[in-house]
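Working through the structure, step by step
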Amino acid sequence: MFVSAVHVNRAPMCQLKQRGNNGEETRLGTMAKMEVKTSLLDNMIGVGDMVLLEPLTEETFINNLKKRFDHNEIYTYIGSVVISVNPYRSLPIYSPEKVEDYRNRNFYELSPHIFALSDEAYRSLRDQDKDQCILITGESGAGKTEASKLVMSYVAAVCGKGAEVNQVKEQLLQSNPVLEAFGNAKTVRNDNSSRFGKYMDIEFDFKGDPLGGVISNYLLEKSRVVKQPRGERNFHVFYQLLSGASEELLEKLKLERDFSRYNYLSLDSAKVNGVDDAANFRTVRNAMQIVGFMDHEAEAVLEVVAAVLKLGNIEFKPESRVNGLDESKIKDKNELKEICELTGIDQSVLERAFSFRTVEAKQEKVSTTLNVAQAYYARDALAKNLYSRLFSWLVNRINESIKAQTKVRKKVMGVLDIYGFEIFEDNSFEQFIINYCNEKLQQIFIELTLKEEQEEYIREDIEWTHIDYFNNAIICDLIENNTNGILAMLDEECLRPGTVTDDTFLEKLNQVCATHQHFESRMSRCSRFLNDTSLPHSCFRIQHYAGKVLYQVEGFVDKNNDLLYRDLSQAMWKAGHTLIKSLFPEGNPTKINLKRPPTAGSQFKASVATLMKNLQTKNPNYIRCIKPNDKKAAHIFSEALVCHQIRYLGLLENVRVRRAGYAFRQAYEPCLERYKMLCKQTWPHWRGPARPGVEVLFNELEIPEEEYSFGRSKIFIRNPRTLFKLEDLRKQRLEDLATLIQKIYRGWKCRTHFLLMRRSQIVVAAWFRRYAQQKRYQQTKHSALVIQSYIRGWKARKILRELKHQKRCEEAATTIAAYWHGTQVRREYRKFFRANAGKKIYEFTIQRIMQKYFLEMKSKMPSLSPIDKNWPSRPYLFLDSTHKELKRIFHLWRCKKYRDQFTDQRKLIFEEKLEASELFKDKKALYPSSVGQPFQGAYLEINKNPKYKKLKDAIDEKIIIAEVVNKINRANGKSTSRIFLLTNNNLLLADQKSGQIKSEVPLVDVTKVSMSSQNDGFFAIHLKEGSEAASKGDFLFSSDHLIEMATKLYRTTLSQTRQKLNIEISDEFLVQFRQDKVCVKFIQGNQKNGSVPTCKRKNNRLLEVAVP
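Residues numbered from 1 in each chain as written. Predicted model: local features only at pLDDT ≥ 70, side-chain atom pairs only at ≥ 80, totals over all residues. Heavy atoms only, no water.

**Quick notes on the overall build of the chain**
Quick reminder of the rule: Numbering of helices and strands starts at the N terminus; helices are DSSP runs of H or I of at least 4 residues and strands are runs of E of at least 2. Burial classification: accessible surface area is computed with a 1.4 Å probe over protein chains only, and a residue below 20% of its type maximum counts as buried, one above 50% as exposed, and the rest as partly exposed. What sets the accessible areas is the Shrake-Rupley method with a 1.4 Å probe; for residues, cover comes only from the shown protein chains.
Tallying secondary structure elements over the chain gives 35 helices and 31 strands in all. Of all 1108 residues assigned to the chain, the portion counted as buried reaches 49%. Of the roughly 57500 Å² that the chain leaves accessible, carbon and sulfur atoms contribute 51%.

Have a look at this one:
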C-alpha cells in the first residue's frame, strides 16, 4: 500500500523548525507550505482523526464522535480507516461540488469524507496499478448500502468521459435499484436492509476508465418470501409492483392492488413512511431498461413475481384415502388455475406435484401422498426456490450486460456490501449464517490491520510495543471447522440416515461443543448453564465478537437442507414460460441426478471462502459504519449502543496500533524507484543494492533520523508529514503534476454552507412556531370544551331536579284527588250498597269463577296435533255446554292451522288418501296396509330409463301411473307381466321387455272395477260392451299397489267423464272373456308358496283365487 497507508501523526510546526538546525531555508519553507496544506485537518469540530485524540479512552472516543455527529460531521478517520455514523437524514455533503473538492486531493487534505477514501482507492488503482477493495462493515441499519452507492457514484463521477464510458457507468449505477428492489426489505432496524450479500468488481482499463463489472451475490434471505417477522416487510418488489403497476398490467398478471389479498405480504408494515413504492417501481422499470433488459424479459420477471405472490394464496384441506393414509387437496383451484395460466404449466401436473412426492432410488420409484403440513411445506419451498433462482438469474443477466467487452488487462476495484451483524428477538439459521459472514469479515480486518501491523514490525526488527487484541479466529473455527464445526455437524446431521430433527442436531452440538468457551447451551454437560433461565432448552448461544446471540434451533435442519421435491422441479421444467423453465434445469427427465444437492450452509461457507480469498489479493480500504440509535431517527446519539459497536469493531485497538507504529512502510526497491529523482547520486540509476540507495537518499534530504527506521526489507516512516514532504518534493520535480498542486489549496465554499445553514434554521424556526401555535390553540380549545361540558352538565342537572320536583308534585296531587274522590263516591253509594249486595256478590263470584276457568284452560291446552284427543276436565257442572263448545272450536281451529301448512302437492296426496278411505275403508282387507304408503304413481321412471324411450315417444299425454302388473291369462289362470300406464284420457298395456304397446283403452270405455274384500291384489277392469277395446273382453290383473291404482283410476275417470266409476267389492264377480262370462271366486286356503295368492282355472265358467 502507498498513500492509503499514510498515518496522521503530525509533528507541530514549532518542532519542525527546531529540527531544521542546519539553517537551510528551502526545506523549512517546504515544511511551512506542507503545514498550510494539512491545516484543514487541524481546525475542525472535535478531532478529525482519532489517532490525534488526547487522551485516548473509550469515553473521549465516544464524546468525539458525538460532538462531530451533533454538528453533522458524520465521518471520522482512524488513519486510513473511515468511520461513518448514519445520520438517518439527507445531508448536503454529496453534491457535485463536493466531488470536485475531493478529486485528486491528498487523503488528509480536507475534512474526513467517504469521497476521500474513494478517491484514494481510485488513484491507487489508476496510478500505482494496485487492485483495490472497499470493505464496508457494520450492524444492520448502520448505512452500509448507502455507503456503497456513494463510493460507486464518486468513482463514476471522477473517471473518464465519453459515450461508451458514460454508458458503462450508467449501467453500473442503475444495477443498484434493480438489485435493491428484489433483494432489500424493511426490517425493524432498517427501512432498506440488504437481505443478500453483494460484492461488485468494477473493472478499469489502464487509463482508469470503467470497462464493466461483475456482481456476486451471497445467500439471499429467501425465507422472507413466505414469512416475515412482525413489523417487517417482504421484499420491496412485491409492494412496488402492486402500488406502481398500471391497471392493465395488473389485470394481465391477474393481480389486485389490495395488499390484504395476498398471504405472503405482511400488512402491519405494508406502508413505510417516506417511501413511495409507486415511484420506486417506475425507477426500477427504467433501471432495467438502462441495464439492458428487453421488454419481454422484464415482463417475464414480473410474471414470475406475480406467480410467487399467488402461490401464497393456495390453501389445502385434509382428505382421507381408502387405505387410511391422509392426503391433501387444494381448497380453491381458481388460484392454481391463474398460476398455471401465468406460467404455462398444465394444471393437473402442478396439482399432482402439490399432493404427491416421488422418491427415486436407482431403478425404483416410490410415490407417496403429502399431508396438509407437507403440502404447505412444498408450496413454500417452491415459492422460495422460484424467487431465489429468479434473483440469481437477475444477477447473471445484469452481469451479461455490464461485463467488460474487451480482453485487455484490467484493473479491479471491489465494493463489498454485505449483511450487517444481526441480533433479533428470535434468531434462526439466517441470522447464524449472516453473523458467520461478519465474523469472517472481522477476521480479515484483524489479519490485515491489527495482527499484520504488529507481526510486520516484529518481522522487520522494528522496535514495537505489543498491544493485546481479541482474535476472533476461535469463533470462526467453532463455526466452520471441517470436523467439529457447527456447520460441519449440521451437514452431517442432514445427511445422516434415520430420524433427523432439530433436537438431535442440538444434542450433537451439546456433546461436541460443550467445553468451547464461546458456546453456551442449557442441555450441555457444562454445569454453569444448567440453571441459566435466560437460555431456553431448545436454543444455543454463541459469544460472537459483536456480543452474545441466542439462536432458536427450530428450522436449522430444514433450512440447511433447502429441499425442493423433484416433482415440483419437473413440473416447473414443463412450464411453457421460458424463464421459469430455464430456472429449473434439474427438472429435465433426461438429466435426472440422484445425487443429493449441497446444503445451504456448505454452499455459503464455500462462497465466503472464495470471497475471503478474493479480498486477500487486493489492497483493502475500510469503511466502518456505526448506527447511532435503534429508533432510525435523526439527531439521536445513543452512547451505550455506539460504545457496544466500538468495542466489537475493535476501533480503540486500531487507534492504539496506529499511534504506536509507523504511518508508512514500503519495500526498498519501489521506494528508491519512486523517489530517486530527489537525489543526484541515485538519479537516474542507482548501482548496487536498494537499501544503501535509500540511505543515501534520506541522508541527502536531511530527514531527521527519528522520523524513519530501516527494517530488513522495508523503510518505515513514522510521521505522515515526512511522507508529505517527500511527495511534495517529487511533485515539484514532475511538471505534469503542477496543476494538481495548485488545486490542493481550494477552500470550502463557506458562503454556500452558511446560506444552507441559515435556510435550514429559518425552516426549523417556522415549523417550531407553527407547532407552538397549534399546540397553544389545541390547549385553549380543550379548556373551552371542558368548561362548556361542565356548564351544560350543571344546567341539565338543574332542569332534571326541577322536572323531578314537578313530577312528584303532580303525583302527590293526583293521589290526594284519587283518595278524595274515592271517599266521596263511597259516601254517596254506601246507602245503595246494602240493598244490592247479594246480587253483586253473586255476579262477582260468577265472574271470578269464569276468569279462573279461562286462565286454567289457557295453561292446560292440549297440543296442536289434530289426532290428539286430550281435553281438560270440566271444573263446574254449569259450564258443561261452554266446555263442549270450546272443545269443538279449538279442534276446528287446530285442524285449520294444520291444513294451512300443506303445499298443493301434499294436499293432492291427502285428497287421494281421503278418496281411498271413502272407497275402501272397512270394505277391503288390503286397505289398512296402504294407509302408510305414499302414492307415487310413476314407479318405472319411464322418462329417465333409456329402455323405455320408444314407449315414451309413443305417449304424448301426462303419465299418472306407470307400474308393472300381472295380467291373468283367460285360458289357464297364469300371469304375464305387463306395463300398466294410466294417462289423462287412456289406459295402456305394454310389453315389459320390448316396451311395445299391446292394448289402449279410452277411459270412457271403462265401466266398472271389481275386486274382492280380502287381502289380495286382484282386480278386474270391465269395459263397455260393443266398444272396440272390449272385443277381447275384460281385463283381470294382479298388483302390489291395488288401492293406489284403483283410487287414481277412479279420480281420473271422474275428472274426464264427470261420472263416478263403479267400484264393486265382492268375493265373487263375473268377468267377460270374449263371448263367455267367467265367475271369479275368492276362497281361503293354505298356499304352497307362502302368502302369495294363486289363481287357477277350474272349468270353463269358474276361475278360483286362493287367498291365504
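Now that the structure is up, let's keep going.
**Quick word on the sheet that holds strand β30 (residues 1094–1099)**
Worth spelling out the cut-off: Following DSSP output, two strands are said to pair if at least two bridges run between them. Angles here are taken between N-to-C directions and fall from 0 to 180 degrees, while the axes themselves are lines fitted to C-alpha atoms, restricted in helices to the stretch in contact.
As summarised here, the arrangement of the four strands in space is β28-β29-β31-β30, forming an open sheet in which the pairing is mixed. The open sheet is flanked by β28 (1068–1073) and β30, the only strands paired with a single partner. Strand-to-strand twist of the sheet, defined as the mean angle between neighbouring strand axes without regard to direction, takes the value 30°. Here strand β29 (residues 1076–1084) runs beside strand β31 (residues 1102–1107); their pairing, made up of six bridges, is parallel. When the sheet's bridge partners are listed, Cys-1079 is paired in β31 with Leu-1102.

**What about the pattern of salt bridges?**
Operational definition: Salt bridges are identified by distance alone: a Lys or Arg side-chain nitrogen within 4 Å of an Asp or Glu carboxyl oxygen.
What the rule picks out here adds up to 47 salt bridges. Three or more residues joined by partner-sharing salt bridges are found here, namely Arg-195, Glu-221, Arg-224 and Glu-232.

**Regarding the environment of Phe-540**
Heads up, the rule is: When checking whether two residues touch, look at their non-hydrogen atoms; a contact exists if any pair is within 4.5 Å.
By the element assignment, Phe-540 lies in strand β14 (residues 539–544). Linking Phe-540 and Glu-520, residues 20 residues apart in sequence, is a C-alpha distance of 5.8 Å. Filtering out sequence-adjacent residues up to four positions away, Phe-540 remains in contact with Ile-486, Leu-506, Leu-509, Phe-519, Glu-520, Ser-521, Leu-535, Val-549, Leu-550, Tyr-551 and Phe-556.

**As for the layout of surface pockets**
The cut-off we apply is this: For cavity detection a 1 Å grid was placed over the protein atoms alone, and a set of points counts as a cavity when a 1.4 Å probe fits there but cannot get out; an open set counts as a pocket when protein lies on both sides within 12 Å along at least five of seven lines, with lining residues being those that have an atom within 4 Å of a point. Grid points are joined across faces, edges and corners, and a volume is the space filled by probe spheres set on the points.
Roughly 1300 Å³ of internal volume is contained in the second largest pocket. Lining the second largest pocket are 50 residues; nearest its centre among them are Thr-145, Glu-146, Lys-149, Glu-180 and Asn-192. Among the secondary structure elements, those contributing two or more residues to the lining of the second largest pocket are β2 (81–85), α6 (144–158), α7 (163–183), β5 (193–194), α8 (236–244) and α10 (277–291). For the lining of the second largest pocket, the element with the highest residue contribution is α6, accounting for seven residues.

**Focus: the packing of aromatic side chains**
Note on aromatic pairs: each is described by the distance of the centres and the angle between the planes. The criterion, for reference: Classification of ring pairs rests on two measures: the distance between centres of Phe, Tyr or Trp rings, Trp counted by its six-membered ring, which must be within 6.5 Å, and the angle between planes, read as stacked under 30 degrees, edge-to-face over 60 and tilted in between. As a reminder, the over-ring test applies to NZ of lysine and CZ of arginine, requiring each to be within 6 Å of the ring centre and within 35 degrees of the ring normal.
Throughout the structure, instances matching the rule amount to 33 aromatic pairs. A centroid spacing of 6.4 Å and a plane angle of 75° characterise the contact between Phe-432 and Phe-540, whose relative ring orientation is edge-to-face. Pair noted here: Phe-432 is in helix α15 (residues 429–459) and Phe-540 is in strand β14, with a separation of 108 residues, a long-range link. A relative accessible area of 0% means that Phe-540 is categorised as buried. Chaining the aromatic ring pairs together yields one cluster made of Phe-429, Phe-432, Phe-505, Phe-519, Phe-540, Tyr-551 and Phe-556. Lying across the ring of Tyr-239, Arg-233 places its NZ or CZ 4.1 Å from the centre. Above the plane of the ring of Phe-356 lies Arg-352, whose end atom (NZ or CZ) is 4.3 Å from the centre.

**Brief notes about the packing of helix α11 (residues 295–311) against helix α12 (residues 333–343)**
Helix-helix packing is described using two parameters, namely the angle between the two axes and the distance between the axes. The cut-off we apply is this: Note that the term roughly parallel is reserved for angles under 35 degrees, roughly antiparallel for angles over 145, roughly perpendicular for angles of 65 to 115, and oblique for everything else. If you view the pair so one helix is near and one far, a crossing is left-handed when the near helix is turned anticlockwise from the far one by less than a right angle, and right-handed when it is turned clockwise.
Running from amino to carboxyl end, α11 crosses α12 at an angle of 165°, the nearest separation of the two axes being 10 Å. Judged on the interaxial angle alone, α12 and α11 are roughly antiparallel. Both α11 and α12 take part in a crossing whose hand is left-handed. Counted together, Glu-303, Ala-306, Ala-307, Lys-310 and Leu-311 of α11 and Glu-335, Glu-338, Ile-339, Leu-342 and Thr-343 of α12 form the full contact between these two elements.

**Remarks on the sheet that holds strand β27 (residues 1062–1065)**
With mixed pairing, eight strands are arranged side by side in an open sheet as β23-β22-β21-β20-β26-β25-β24-β27. Whereas interior strands pair on both sides, the edge strands pair on one side only; in this sheet they are β23 (997–1002) and β27. Each strand axis lies, on average, 30° off the axis of its neighbour in the sheet, ignoring direction. Pairing geometry for strand β25 (residues 1018–1023) and strand β26 (residues 1035–1038), over four bridges, is antiparallel. Bridge pairing in β26 places Ala-1020 opposite Leu-1036. Across the sheet, helix α35 (residues 1042–1057) touches β20 (959–968), β21 (975–983), β22 (986–991), β24 (1006–1011), β25 and β27, and the angle it forms with β20 is around 125°.

**Notes on the side chain of Gln-645**
Here Gln-645 shows up in helix α23 (residues 639–649). Its relative accessible area of 0% is what places Gln-645 among the buried residues. Beyond its immediate sequence surroundings of up to four residues, Gln-645 is in contact with Glu-139, Cys-625, Ile-626 and Lys-627.

**A look at the side chain of His-113**
Mapped onto the fold, His-113 is located in the loop between α4 (96–102) and α5 (114–128). Contacts of His-113, omitting those with residues within four sequence positions, involve Tyr-75, Tyr-77, Val-82, Ile-93, Tyr-94 and Tyr-102.

**What to know about unusual backbone geometry**
If you check the backbone angles, Asn-104 has positive phi at about 55° while not being a glycine. Inspection of the secondary structure puts Asn-104 in the loop between α4 and α5. Its relative accessible area of 24% is what places Asn-104 among the partly exposed residues. A positive phi angle is found at Asp-129, which is not glycine, with a value near 60°. By secondary structure assignment, the location of Asp-129 is in the loop between α5 and β3 (132–137).

**Digging into helix α16 (residues 473–480)**
Stated formally: Directions are taken from the helix axis to each C-beta atom, and the arc is the one they span.
Within α16, the full set of buried residues consists of Ile-475, Cys-476, Leu-478 and Ile-479. All buried residues of α16 fall inside an arc of 155° around its axis, so they share one side.

**Description of the nonpolar core**
Where we set the bar: Here, nonpolar core means buried Ala, Val, Leu, Ile, Met, Phe, Trp, Tyr and Cys residues that are tied together by side-chain atoms lying within 4.5 Å of each other.
Counting residues in hydrophobic clusters, the biggest one holds 183 residues, and the most contacted among them are Phe-61, Leu-65, Phe-182, Phe-238, Leu-350, Phe-354 and Leu-615. Element by element, the count of residues in this core is highest for helix α14 (residues 372–402), at 13 residues. Those residues in contact with Leu-615, other than ones at most four positions away along the chain, are Cys-133, Leu-135, Tyr-199, Leu-416, Leu-441 and Ile-444. With 33 residues, the next largest nonpolar core counts Phe-935, Leu-989, Ile-1021 and Ala-1046 among its residues.

**Here we look at helix α26 (residues 690–700)**
Among the residues making up α26, those that are buried are Ala-690, Gly-693, Val-694, Leu-697 and Phe-698. Projected down its long axis, α26 carries its buried residues within an arc of 130°, all on one side. Immediately downstream of α26, the backbone of Glu-702 shows phi near 55°, a positive value.

**Things to note about the pairing of β20**
When you tally the buried positions in β20, you get seven out of 10 residues, the bulk of the element. In this structure, β20 lies alongside β21, joined through nine bridges in antiparallel fashion. The partner of Glu-963 across the bridge, within β21, is Phe-980. Taken together, β20 and the strand that follows it, β21, pair antiparallel across an intervening segment of six residues, in which Gly-973 is found at a positive phi of about 85°. Judged from the two bridges that link them, β20 and β26 form a sheet pairing that is antiparallel. Along β26, the bridge assignment pairs Lys-967 with Phe-1037.

**Some details on the environment of Val-301**
Looking at where Val-301 falls in the secondary structure, it is placed in helix α11. Since its relative accessible area comes to 0%, Val-301 is described here as buried. On a C-alpha basis, the gap between Val-301 and Trp-393 in space is 9.6 Å, while along the polypeptide they are 92 residues apart. Discounting residues that sit within four places of it in the chain, Val-301 has contacts with Phe-182, Leu-390, Trp-393, Leu-394 and Leu-579.

**Quick notes on a nonpolar patch on the surface**
The criterion, for reference: Surface patches are drawn from residues lacking salt bridges whose relative accessible area is over 30%; two like charges belong together within 9 Å, two nonpolar side chains (Val, Leu, Ile, Met, Phe, Trp, Tyr) within 5 Å.
Taken together, the side chains of Tyr-898, Ile-909 and Phe-910 make up a nonpolar region of the molecular surface, amounting to roughly 230 Å² of accessible area. For Phe-910, the location among the structural elements is in helix α32 (residues 904–920). Using a relative accessible area of 36% as the deciding quantity, one classes Phe-910 as partly exposed.

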